Amino acid sequence: MAGIATSCLTVSSRSKFQTCWLEYGTHRARDIPRKLSNSREFGIRAEVNYVSGEEAKKLVAAEGYEILDVRDRTQYDRAHIKSCYHVPLFIENKDNDLGTIIKRTVHNNFSGLFFGLAFTKPNPEFVESVKNQFSPDSKLLLVCQEGLRSTAAANKLEQAGFQNVACITSGLQSVKPGTFDSEGSSELQNAGKGGLVTVQGKISAVLGTVLICAYLFITFFPEQAEKLFQLAPAS
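The name given to the chain in an unreviewed UniProt entry is Rhodanese domain-containing protein, and the organism recorded there is Ricinus communis.

Shown next, in the form of structure tokens:
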């Protein structure tokens, strides 16, 4: 007798760092004389874990998570966590078609000049590069500067079968100084800063100091200040 039967079992478990769902279903297709046809579906889905800087440190120290930095080469060179792995989600765009040349020129004269941001494009070999260094059951802590790229990278790795992935909420810019040992020319929190904005504060401080000194000189030594003004060439 022909018939259709369906059964489904769902198991949910939650721990401090990760939530996962295990779904198992069996579907029995229509009976065919002398032949029984069965199809089964089996799926596992892991949820990316978002943690603070302190929690991330505990994951590395106590649970054996490996740190994977997904920032571009420029920010990585400015500062990175010691002994971390580096696979950039975005790489420098060196394409020479007309459209890219125009975009790169505009970028370098604005975002690149003022903020030190590299002109990049998605890394087509990101997932494959990670697979070459880690197995799908590896415990990975993904880090970037603001938390956006690590989230995108985590989603890609989850789709590729990685089950133990964590990210630092808001990225390295939110990590307190001293949380991780770092290498580079700047602090982890400031690795995203570059270009003219990095010297703007220094210039403002120098100008402010000069103005304060001039004000104090005029206030406490008015006669000497007046003589200096008289020596200045007339416009």
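From this point, the discussion proceeds with the structure in view.
**Student:** So what's going on with the overall build of the chain? Residues and values would help.
**Tutor:** Regarding its fold elements, the chain presents 8 helices and 12 strands. Of all 235 residues assigned to the chain, the portion counted as buried reaches 29%. Contacts spanning at least 24 positions in sequence make up 64% of the contacts within the chain whose residues lie at least 6 apart. On the chain, roughly 15500 Å² of surface is accessible, and the fraction owed to carbon and sulfur atoms is 57%.

**Student:** Describe the pairing of strand S10 (residues 139-143), and please don't skip the residues or the numbers.
**Tutor:** With 4 of 5 residues buried, S10 lies mostly within the body of the structure. For strand S5 (residues 66-69) and S10, the ladder comprises 4 bridges, and the chain directions are parallel. Bridging across to S10, Asp69 finds its partner in Val143. The parallel pair S10 and strand S11 (residues 164-168), bridged by helix H6 (residues 148-159), forms a crossover whose chirality is right-handed.

**Student:** Describe the pairing of S5, listing the residues and the values that go with them.
**Tutor:** As paired elements, S5 and strand S7 (residues 85-86) share 2 bridges and run parallel to each other. Looking at the pairing, Leu68 lines up with Tyr85 of S7.

**Student:** How would you explain the pattern of salt bridges if you had to name every residue and give the values?
**Tutor:** Enumeration over the complete set of coordinates arrives at 5 salt bridges. Here Asp69 ties to Arg71 by a salt bridge, and the two come within 2.7 Å at their closest N and O atoms. Grouping residues by exposure puts Asp69 and Arg71 together as buried. Between Glu146 and Arg149 there is a salt bridge; the shortest N-O distance is 3.3 Å. The class of Arg149 is buried, set by a relative accessible area of 14%.

**Student:** Any details on the packing of helix H5 (residues 126-133) against H6? Residues and values, ideally.
**Tutor:** At a minimum axis separation of 10 Å, H5 and H6 run at an interaxial angle of 65°. Accordingly, the angle class assigned to the pair H5 and H6 is roughly perpendicular. Here the hand of the crossing between H5 and H6 comes out right-handed. Taking contact as the criterion, the partners of Phe126, Val127 and Val130 in H5 are, on H6, Ala153, Lys156 and Leu157. Taken together, the residues of the contact of H5 with H6 sort by class into 5 nonpolar, no polar and 1 charged.

**Student:** Mind laying out helix H3 (residues 98-109), listing which residues take part and the relevant values?
**Tutor:** Helix length check: H3, at 12 residues, gives a terminal C-alpha distance of 17 Å against a target of 16 Å (1.5 Å per residue), a fit within 8%. Listed in full, the buried residues belonging to H3 are Thr100, Arg104 and His107. End-on view of H3: buried residues confined to an arc of 65°, all on one side of the axis.

**Student:** If you had to explain the side chain of Gln145 to someone new, which residues and values would you point to?
**Tutor:** Looking at the secondary structure, you find Gln145 in the loop between S10 and H6. Polar side-chain contacts of Gln145 include one of 3.5 Å to the backbone oxygen of Gln189. Leaving out residues up to four positions away in the same chain, Gln145 has contacts with Arg71, Gln75, Ser170, Gly171, Leu172, Gln173, Leu188, Gln189, Asn190, Ala191 and Gly192.

**Student:** I'd like to hear about the environment of Leu68, residue by residue, with values.
**Tutor:** Within the secondary structure layout, Leu68 lies in strand S5. Sequence separation between Leu68 and Val87 is 19 residues, and the spatial gap between their C-alpha atoms is 7.0 Å. Residue contacts for Leu68: discarding those within four places in its chain leaves Tyr85, His86, Val87, Val130, Phe134, Leu141, Leu142, Val143 and Leu157.

**Student:** Please set out the sheet that holds S7 residue by residue, giving values where relevant.
**Tutor:** An order of S4-S11-S10-S5-S7 is seen for the 5 strands of this open sheet, with the pairing classed as parallel. Bordering the open sheet on either side are strand S4 (49-51) and S7, each of which pairs with just one other strand. Along the sheet, helix H1 (residues 53-63) contacts S4, S5, S10 and S11; its crossing angle with S4, the most-contacted strand, is approximately 115°. Contacts from H6 reach S4, S5, S10 and S11, with the element oriented near 150° to S10.

Criteria and thresholds
- Residues numbered from 1 in each chain as written.
- Predicted model: local features only at pLDDT ≥ 70, side-chain atom pairs only at ≥ 80, totals over all residues.
- Heavy atoms only, no water.
- Helix = DSSP H or I, 4+ residues; strand = E, 2+ residues; numbered from the N terminus.
- Buried < 20%, exposed > 50% of the residue type's maximum accessible area, 1.4 Å probe, protein only.
- Contact = heavy atoms within 4.5 Å.
- Areas by Shrake-Rupley, 256 points an atom, 1.4 Å probe, with all protein chains shown as cover.
- Pairing = 2+ DSSP bridges.
- Right-handed = clockwise from strand over helix to strand, strands pointing away.
- Salt bridge = Lys/Arg side-chain N within 4 Å of Asp/Glu carboxyl O.
- Axes fitted to C-alpha atoms, helices over the stretch in contact; angles between N-to-C directions.
- Parallel < 35°, antiparallel > 145°, perpendicular 65-115°, else oblique.
- Left-handed = near helix turned anticlockwise from the far one by under 90°.
- Nonpolar A, V, L, I, M, F, W, Y, C, P; charged D, E, K, R; others polar.
- Expected span 1.5 Å × (residues − 1).
- Arc of directions from axis to C-beta.
- Polar contact = N/O pair within 3.5 Å; in protein donor to acceptor, adjacent residues only side chain to side chain.

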